[in-house]
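Examining the three-dimensional arrangement
Spelled out from the first residue to the last, the chains are:
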Amino acid sequence: MKRFNEKVSRKNTNCVKWDMADENVLPFSIADSDYPTSEAIAKCLTDRVNHPVYGYTFPDEMYYESIVNWTKRRYGYEIDKDNIIPTNSVVTALYYAINYLKDVTEGIIVQTPVYNPFYSVILDNGKKIVENRLIKKDNYYTINLQELDRLLETNKILLLCNPQNPTGRVFTYDEIHEIVKLAKKHNAYILSDEIHCDIIHDGYKFTSVNRFADLYKNIIVFTSISKSFGLAGLKTSNVIIKDKKLAEGYRAFLQSKYISYGNIFGLVAVKAAYNQSEEWLDKQNKHLTNNYNLLKEYLNKNHPEVGVTKAEGTFLAWLDLSFLRMPCEVMQQELLKFGISINEGKRYSEDCKGYIRFNFACSEDLLMEGLKILSKFIKANAKK
Ligand SMILES: Cc1ncc(COP(=O)(O)O)c(C=O)c1O
């Protein structure tokens, strides 16, 4: 685990997480990781940098092959090149998918709390947000399938996040199967943001909605190397659509909007990630499971009143601090004064005002430093 506990300063690299925070603040906010990516990716990128011309570049056959093989090996379903649409950001691709399907529906269903740009891509397309709140019990979230069934009668797009940001849920095979059956029953589209699908904790298994593409065709999946391999700055993602007609239509639509594939370095990194970095990814996942367990043990022991949501995937901890009875903005500001930055809960749902999202994709030392600061903050405010 040495590589994941390495001390690498990200300061003075125009790093959003570190350089946009106050100098004395340790950031546990924006969703990227603080340790170096795999040696294979770094080497392939360096080799490409060493050729000093960086002109327009296209994804080659190996690019597509690397995704085809990865998808089969890791997610258990078959695709070919025609099913893959390279893009330059998951959020952009989501925005344009809604735009492409604009005549299908007025309302778009989201299962909340959820990654906040989901709200923006719906509103910016002039559509209505339709909330299907996740059910929370014992710090564990599940889907309200009955309500989903009802909402799908009139709202024909479901924007799914799996693994789920911020709750860390990795929906089971049966849950995903149920969702697909409901979408089929109501002839609705599923847009599934699976950006976190490679980061799964010990004991859990990821199921893509595409596993059920033989059952139902209106499915669009969004993936990326950015979270899994620490490459968010490369702005490179892929859309996977098993239905050839839907894939062709969406591809042509993106072209008409001048949306193109990832940049020259992203195209190199995808191949290095999927072909040469699987071992690195598995080690990272072990490190992240370990970090999550440390965080949970620390908070359970020192602050049992904190609700630690059970994380099955992602590097995001979703913590319920509502017992402090402190408004979200105040909590965020106070935490900054104590020396850490987090993301405030209400970004993900108006219902989650006493929550914080805490990113644990860092070294063990940094995590423990952050937890100690969080602990001081809780002690200082719990008494009030
Ligand atoms: C669920 C989810 N989707 C998309 C993104 C961002 O993807 P991109 O940078 O490719 O637009 C994030 C980043 O945190 C995310 O958590």
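Keep in mind the model is a prediction, meaning the values are calculated, not measured.

Considering the domain arrangement of the protein chain
Under the domain assignment, the protein chain is made up of domain 1 (2-39 + 278-379) and domain 2 (52-276). Listed by partner, the interface residues are 33 residues for domain 1 and 38 residues for domain 2. Contact between domain 1 and domain 2 buries roughly 3100 Å² in total, counting both sides, with carbon and sulfur atoms accounting for 50%. Of all residues in domain 1, Glu278, Glu312 and Thr314 give up the largest surface area on contact with domain 2, accounting jointly for 25% of the area buried on that side. Linking domain 1 to domain 2 there are 6 salt bridges. Taken together, the connections running from domain 1 to domain 2 amount to 26 residue pairs in polar contact (both at pLDDT 80 or more). Residue contributions to the side of domain 1 that touches domain 2 peak at 9 residues, all from helix α11 (residues 278-302). Taken together, the residues of the side of domain 1 that touches domain 2 break down into 13 nonpolar, 10 polar and 10 charged.

What to know about the sheet that holds strand β7 (residues 157-161)
Strand order in the open sheet made by the 7 strands is β2-β10-β9-β8-β7-β3-β4, with mixed pairing throughout. Since the sheet does not close on itself, it has two edges, and those belong to β2 (84-87) and β4 (128-131), each with one partner. Averaged over all pairs of adjacent strands, the angle between their axes in this sheet comes to 25°, without regard to strand direction. Relative to strand β9 (residues 219-224), strand β8 (residues 189-193) is paired through 4 bridges, and the arrangement is parallel. Residue Leu191 lies in a different strand from β9, and its bridge partner there is Ile220. Of the strands in this sheet, β2, β8, β9 and β10 (237-240) touch helix α9 (residues 244-256), which is tilted by about 25° from β2.

Criteria and thresholds
Residues numbered from 1 in each chain as written. Predicted model: local features only at pLDDT ≥ 70, side-chain atom pairs only at ≥ 80, totals over all residues. Heavy atoms only, no water. Domains from an automatic or database assignment. Contact = heavy atoms within 4.5 Å. Buried area = accessible area lost by both parts, 1.4 Å probe. Salt bridge = Lys/Arg side-chain N within 4 Å of Asp/Glu carboxyl O. Polar contact = N/O pair within 3.5 Å; in protein donor to acceptor, adjacent residues only side chain to side chain. Helix = DSSP H or I, 4+ residues; strand = E, 2+ residues; numbered from the N terminus. Nonpolar A, V, L, I, M, F, W, Y, C, P; charged D, E, K, R; others polar. Pairing = 2+ DSSP bridges. Axes fitted to C-alpha atoms, helices over the stretch in contact; angles between N-to-C directions.

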